[in-house]
Amino acid sequence: DAERQANSTDNAAEELKEAERKKKMQLVGVFDHLMHSFGVWDVSQLMQKFLAKEEKFFVQYRYLDALNSDATHIQDRIKKINQRAADMQVAAPVDDAEVLRLKDKIADADEEAEEYEARTREAADVLMEITRVLKRIHMRTEKSNLLKEFRPARRRWELV
């Protein structure tokens, strides 16, 4: 009976050793896989890369958490604004005639803005043409022998 108990204890110890050996082999396999995937064969470099990636992921997690917090804050603000708008509609219902009058004013303002924009474009075109003509005149006067004598006087005048 004692012999059987000793054998079963030995068997249990050997099974435990075998399980530990398998676990070590599995860890070595995982470690080799990590080294291959990172392309590093030095343990300290592998640890540095791993820690750098871990830090990067942590920073990204914090950034996403901040974005999520901002999104929640914005959603709360939207709810408050919608509630205020609903309260305003209940407190002072808008008259349909008032809405039509405001729409007419907006349409008139849009029409005036389009007219003003067209006049502004026309004025800009005229100014561009004047600028081109003045540049041509300037180029011609610079090349003119007749006006050469006036250039020093003109420069003195420009200084005054």
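Use the structure listed above.
This section reports on the structure supplied with the text.

## Details of the overall build of the chain
Helix and strand counts for the chain come out as 4 helices and 0 strands. The order of helices and strands in the chain, counted from the N terminus, is α-α-α-α. The burial tally for the chain puts 3% of its 160 residues in the buried class. Accessible surface, the chain as shown: approximately 15300 Å² in total, 59% of it carbon and sulfur.

## Some thoughts on the pattern of salt bridges
Inspection of every chain in the model, using the stated rule, returns 4 salt bridges. With a closest N to O distance of 2.6 Å, Arg21 and Glu18 form a salt bridge. Taken as a pair, Arg21 and Glu18 lie in helix α1 (residues 2-38) at a separation of 3 residues, close to a single helical turn. Glu98 is the salt-bridge partner of Arg101, the closest N and O atoms lying 2.6 Å from each other. Of this pair, Arg101 and Glu98 both sit in helix α3 (residues 96-143), separated by 3 residues, roughly a single helical turn.

## Comments concerning a nonpolar patch on the surface
On the surface, Val126, Leu127, Ile130, Val133, Leu134 and Ile137 cluster together into a nonpolar patch covering about 520 Å² of accessible area. Note on Leu127: relative accessible area 53%, which makes it exposed.

Analysis parameters
Residues numbered from 1 in each chain as written. Predicted model: local features only at pLDDT ≥ 70, side-chain atom pairs only at ≥ 80, totals over all residues. Heavy atoms only, no water. Helix = DSSP H or I, 4+ residues; strand = E, 2+ residues; numbered from the N terminus. Buried < 20%, exposed > 50% of the residue type's maximum accessible area, 1.4 Å probe, protein only. Areas by Shrake-Rupley, 256 points an atom, 1.4 Å probe, with all protein chains shown as cover. Salt bridge = Lys/Arg side-chain N within 4 Å of Asp/Glu carboxyl O. Patch = residues over 30% accessible without salt bridge, like charges linked within 9 Å, V, L, I, M, F, W, Y side chains within 5 Å.

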